Amino acid sequence: MENRARSLRAFLRGVARLQRSFTIEAGPVRATGIPAILIGVTGVVLAGGVAAALSKGVMRLPEALGEARGLAEAVTGGGSPRLPS
């Protein structure tokens, strides 16, 4: 029984050390400990969702990019500016 308690204590010390040493800094956002771990896990889940969405819509991607280019040209006033000759 004492061996189990000692093992559990050692495990919890290791988790506490990991929790203190885990830090994420991105621009003005800084997180340490459990919040940093949660932010990391959230980032992985979001990246998986984006990858799944892109894989489902890969057939429509060229059409969407063409429409986005047309929209950008319409907003900026047409094509590239011409120099007077």
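Our subject is the structure listed above.
Residues numbered from 1 in each chain as written. Predicted model: local features only at pLDDT ≥ 70, side-chain atom pairs only at ≥ 80, totals over all residues. Heavy atoms only, no water.

Quick word on the pattern of salt bridges
Point 1. Evaluated as defined, the whole model comprises 1 salt bridge.
Point 2. The salt bridge partner of R30 is E25, with a shortest N-O separation of 3.5 Å.
Point 3. Relative accessible area serves as the criterion here: at 62%, R30 is assigned to the exposed category. (Salt bridge = Lys/Arg side-chain N within 4 Å of Asp/Glu carboxyl O. Buried < 20%, exposed > 50% of the residue type's maximum accessible area, 1.4 Å probe, protein only.)

Some details on a nonpolar patch on the surface
Point 1. A cluster of nonpolar side chains, namely L8, F11, L12 and V15, defines an oily patch on the protein surface of about 390 Å² accessible area.
Point 2. Turning to its location among the elements, L12 is positioned in helix α1 (residues 2-21). (Patch = residues over 30% accessible without salt bridge, like charges linked within 9 Å, V, L, I, M, F, W, Y side chains within 5 Å. Areas by Shrake-Rupley, 256 points an atom, 1.4 Å probe, with all protein chains shown as cover. Helix = DSSP H or I, 4+ residues; strand = E, 2+ residues; numbered from the N terminus.)

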